[in-house]
Structure formats: C-alpha cells, structure tokens
Amino acid sequence: MPLELSAAEARRLALAAQGFMRPPRGAIRASHVRALAGRLGVVQIDSVNALVRSHYLPFFSRLGDYPRELLDELAWGKPRRREFFEYWGHEASLLPLDLYPALRWRMQRAALGRGIYQQLARFGREQQEVIQRVLAAVREQGALGAGALSTRQERAGPWWDWSAEKHAMEWLFAAGEVTVAGRRGFERLYDLPERVIPADLLNAVELPEDAAIRQLLLHSAQALGVATEKDLRDYYRLDPADSRQALAELVENGDLQAVTVRGWKQPGYCIGEPTVPRKVRASALLSPFDSLVWERARTERLFDFRYRLEIYTPAEKRQYGYYVLPFLHDERLPARVDLRAERAQDRLAVHALHEEPRGLSEVGIQALAEQLRSLATWLGLEAVAITCQRPGTQRLRAALAGLPG
C-alpha cells in the first residue's frame, strides 16, 4: 500500500524540505548560505528591484539577517571561492556548482536549437557570423557585458529589444559556450567557461541525458519534500516527456516512492519514507519568486492560497499590488503584503496588507511586525511606514509601535 499523508503533513514536509525549520544561531556564515543553496538546488534571479533583487530574499526568509556580500562572493567572487553558477534552471537561476554536469545536456540541446526561446534558436541558425564574432571578442578580451559589443546605432527600446550582439551572447550562454563571470550592477559579464567553472566539473565525464534528468528530478524531490510529477518537473523546467520517463524509472528503481496526499487529485512522490515534523514554527516574508510558492497550482494545493504576480498588470487592474510578498506563519499563508524599499525616504513602505479569510491572529500580527522590522534593518532602512488604511493595518501599526528599539 502506498504511503498516505494528510494535507497538513504534506505542508510540513514541504516547509522542512525548503529550509524553514530552524535558522542558525549566531552570525550567518558562508557555510550557512552554501548549505541552504545546496538544499534548495536552484534560486531564481529576477531583475525587479522594488525591494531587493529577488535572489537575495530566499536566504533572508530562511536565515534571517545575513550579509548579502556572502551570496555575492559565492556566486560572482573569485573563481576558487565560488560555489554557484548561473544558468537556466527554473528561469534564470543560481545553481550549486556540482549541478553543472547535470545541465550540460540542456546546453547541448540549446546549441542544436532545442529547448530555448524560439527567437534565439532562429538566431543561432541564421546569425553564426555575429555569434562567432562575439565569442572571439570574449576569448580575446575576457569578461564582457553584451553592451560593450553592441554595434547598433539607434537607441535601444525596452529591455527585451536586444541588439544582435546581445542575442549572440544569450545564445552562447544558453549553449554553454560562455558563462557568467560576474555582474556589473545587474548586467551580466560573460566569459569562457574554462575561466570560471572548476576544471573537474567542466571536464567531468558527460552524463547521458536520461541520467542527468533523473538526477535533477531527485534534487527536485529533495527540495520539495513531497510533490506531484508536474511539481517535480517544473522545479528545473523539464519537458513532460523527459520527466515522465525518468520518474517511472526512479520509482521502479526505488529511488522515489509514490504517496497519496489527501485532497490531491494527482499522486505525490517523495524520497524514501519521510519523517514528518510535528510542527514548523517559521514566520517569513517570501519573494514572489521563492521556490516555496513559484508553482502557483502547488501553492494553492498546499496552502489554499491563490497567488499571482501583478507586476505587469496595469495599476488600475491590480487586486493586491505591484510587489506583493506572501507571509508565512503557523504553517499557513494567512496574509500578503505589498512592499517597497523607498530608499530616498529611508523607509520600508507597506502599501497594502491583505489578510486571507481566516486572517491573522494577534500572534500572527506580532510576527509580521517583527519580520517587517527585521527586513527593514537588513535592507539598511531606518523605518517601517504603513501608507494605507486597509483593515488590519491599525493592528499592525500598534504591533510595530510596541517593538523594542
């Protein structure tokens, strides 16, 4: 008989797998950041800077106040100290370096025009002269931003209005012929992989596609705790056909086992027989791109919480706000908060607080106030300012006013 889990047990497994059990005591060190990144397996990068770049937030949500320089050093510092690399994991992502061999197949597919944006695939077929010119420049000059190579005369349009050189660099990046050596602000600096990726990983025996995909699915299962087939493949954005075949093999081999989760229409899968925590006490503000909530159907299934990103929705049509963070407390997502780092005013602005139907208890309001104060401190902002009059904000104001200091 397959293992059966309640919905509450599935939530606790997911939260524990995602690193929400206990933050470290004392100062956060590089080893804590490294261990959490290894547990998560992939951290999504996004350009929106309404609060802070998104890849920093999952570490704050789980570790608390940590120096962002630790993540910068591990991601883009000196090669001998690096632990992460950038590639297409779940969208643009930071990934642990030891996963590099497991993604070579994706790079090879990209070089063949498979598995990448159609526009890039067409560019790869038709613009090899530009691609080879850009690659030669990187080979000769070292780490370069795409903008340094642009030959376009007209003024660029929106950020997706790429120059030919930017297209070429992104094709080379997808194909694994260049990698990200660092960043200037948020601009990628590209270099040859042999100057960035450790030789033992770059020259490792090539994994067959099926073995690499099985490895990625196992990483997904470890990071998710319990998950459907769609959850597992979405974590690294695997193709359905690849995922289903690999999943069947993992179940047959005993690496994964099927489980029944009450209330789920699809079967779940987990590694071994899971140990379900009795309680997960974490309170945390979550990035819109946090791996706990980025798969929206899973978020609804686990937390009965419907979440959609409204950044690209016209202001008058938004339901909740521009940059809305779900609030995790007492194993639920009882509220969401529209936040902005208003650096000119030296404040963290709460533009809206939206409670779910069950609402926030007094303990929950207190926990939210503490998280907001902690977030402001971590961002180097002096104050937390509530700029709306929505229901619940008076309780939040009172809780903030009552915090020490």
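Everything here concerns the structure above.
Read on for a plain summary of the structure. In this text, all values refer to a predicted model and were calculated from it rather than measured experimentally.

Thresholds applied
- Residues numbered from 1 in each chain as written.
- Predicted model: local features only at pLDDT ≥ 70, side-chain atom pairs only at ≥ 80, totals over all residues.
- Heavy atoms only, no water.
- Helix = DSSP H or I, 4+ residues; strand = E, 2+ residues; numbered from the N terminus.
- Rg over C-alpha atoms; globule rule 2.2 N^0.38 Å.
- Buried < 20%, exposed > 50% of the residue type's maximum accessible area, 1.4 Å probe, protein only.
- Contact = heavy atoms within 4.5 Å.
- Areas by Shrake-Rupley, 256 points an atom, 1.4 Å probe, with all protein chains shown as cover.
- Lys, Arg positive; Asp, Glu negative; His and termini not counted.
- Charge placed at Lys NZ, Arg CZ, Asp CG, Glu CD.
- Pairing = 2+ DSSP bridges.
- Axes fitted to C-alpha atoms, helices over the stretch in contact; angles between N-to-C directions.
- Expected span 1.5 Å × (residues − 1).
- Salt bridge = Lys/Arg side-chain N within 4 Å of Asp/Glu carboxyl O.
- Phe/Tyr/Trp six-rings, centres within 6.5 Å; stacked < 30°, edge-to-face > 60°.
- Lys NZ or Arg CZ within 6 Å of the ring centre and 35° of its normal.
- Core = buried A, V, L, I, M, F, W, Y, C linked by side-chain atoms within 4.5 Å.

This paragraph deals with the overall build of the protein chain. Across its full length, the protein chain holds 15 helices and 13 strands. Since a compact globule built from 405 residues should have a radius of gyration of about 22 Å, the 22 Å found for the protein chain is in line with a globular shape. The principal-axis extent of the C-alpha atoms belonging to the protein chain is close to 65 × 60 × 45 Å. A burial count over the protein chain gives 55% of its 405 residues as buried. Partitioning the intrachain contacts of the protein chain with sequence separation of at least 6 by distance along the chain shows that 64% fall at a separation of at least 24. On the protein chain, roughly 19000 Å² of surface is accessible, and the fraction owed to carbon and sulfur atoms is 48%. Distance between charge centres in the protein chain, computed from 56 positive and 51 negative side chains, equals 4 Å.

Spatial ordering of the open sheet is given by β1-β7-β8, a layout of 3 strands whose pairing is mixed. Taken across any chain shown, the strands that pair with only one partner, and hence form the sheet edges, are β1 (3-5) and β8 (268-270). Taken pair by pair, the neighbouring strands of this sheet meet at an average axis angle of 45 degrees, ignoring direction. Summarising the sheet, strand β7 (residues 257-261) and β8 pair through 3 bridges and their orientation is antiparallel. The residue bridging Val-259 from the neighbouring strand is Gly-268, located in β8. Across the sheet, helix α1 (residues 7-17) lies against β1 and β7, angled at about 90 degrees from β1, the strand it touches most.

The subject of this paragraph is helix α10 (residues 209-224). With 16 residues, α10 extends 22 Å from end C-alpha to end C-alpha; this agrees with the ideal 22 Å at 1.5 Å per step. Every buried residue of α10 is listed here: Ala-212, Ile-213, Leu-216, Leu-217, His-219, Ser-220, Ala-221, Ala-223 and Leu-224.

Turning to the pattern of salt bridges, a few remarks are in order. Throughout the structure, instances matching the rule amount to 33 salt bridges. Among the salt bridges present, the one from Arg-133 reaches Glu-165, with a minimum N-O distance of 3.3 Å. In this pair, Arg-133 is assigned in helix α7 (residues 128-141) and Glu-165 in helix α8 (residues 164-174), connecting sequence segments 32 residues apart. The class of Arg-133 is partly exposed, set by a relative accessible area of 34%. The shortest N-O distance in the salt bridge between Lys-230 and Glu-295 comes to 3.2 Å. In this pair, Lys-230 sits in helix α11 (residues 229-235) while Glu-295 sits in the loop between β9 (283-285) and α13 (296-303), placing the two residues 65 residues apart along the sequence. Taking relative accessible area as the criterion, Glu-295 reaches 12% and is therefore assigned buried. A single salt-bridge network, built from bridges that share partners, covers Glu-86, Lys-166, Glu-170, Arg-183 and Arg-188.

For the rest of this paragraph, the subject is the pairing of strand β4 (residues 91-96). In summary, the side chains of a regular strand alternate between the two faces of the sheet. The buried count for β4 comes to 5 of 6 residues, which makes it a mostly enclosed element. Sheet topology places strand β2 (residues 43-44) next to β4; 2 bridges connect them, and they run antiparallel. Looking at the pairing, Val-43 lines up with Leu-94 of β4. Connecting the antiparallel pair strand β3 (residues 84-89) and β4 is a turn made up of 1 residue.

Considering all chains together, one arrives at 10 aromatic pairs under this definition. With 4.7 Å between their ring centres and 20 degrees between their planes, Phe-60 and Trp-378 make a pair best called stacked. In this pair, Phe-60 sits in helix α3 (residues 57-63) while Trp-378 sits in helix α14 (residues 362-378), placing the two residues 318 residues apart along the sequence. For Trp-378, a relative accessible area of 6% puts it in the buried group. Taking the centre distance of 6.0 Å and the plane angle of 40 degrees together, the rings of Phe-305 and Tyr-307 count as tilted. The same class applies to Phe-305 as to Tyr-307, namely buried. Connected via pairs of aromatic rings, a cluster forms that spans Phe-59, Phe-60, Tyr-66 and Trp-378. Looking at Arg-301, its charged tip hangs above the ring of Trp-264, at a distance of 4.7 Å from the centre.

Position of Pro-24 relative to the elements: it lies in the loop between α1 and α2 (30-40). Owing to a relative accessible area of 24%, Pro-24 belongs among the partly exposed residues under this scheme. Here the alpha-carbon distance between Pro-24 and Ala-349, two residues 325 residues apart in the chain, equals 28 Å. Filtering out sequence-adjacent residues up to four positions away, Pro-24 remains in contact with His-32 and Leu-63.

Turning our attention to the sheet that holds β4. The strand order across the open sheet formed by 3 strands is β2-β4-β3, and the pairing between neighbours is antiparallel. A single partner strand is all that each edge strand has here, and the edge strands are β2 and β3. Bridge count for β3 against β4 is 6 bridges, and the pairing is antiparallel. Within β4, the position partnered with Tyr-87 by the bridge is Ser-93. Across the sheet, α2 lies against β2, β3 and β4, angled at about 20 degrees from β3, the strand it touches most.

Grouped together as the largest cluster of nonpolar side chains are 110 residues, with contacts concentrated most on Leu-51, Leu-339 and Leu-375. Not counting chain neighbours up to four residues away, the residues in contact with Leu-339 comprise Leu-51, Leu-285, Tyr-323, Leu-325, Leu-348, Ala-349, Val-350, Leu-372 and Leu-375. If you look at the next biggest cluster of nonpolar residues, it comprises 24 residues, including Ala-284, Phe-305, Leu-328 and Leu-333.

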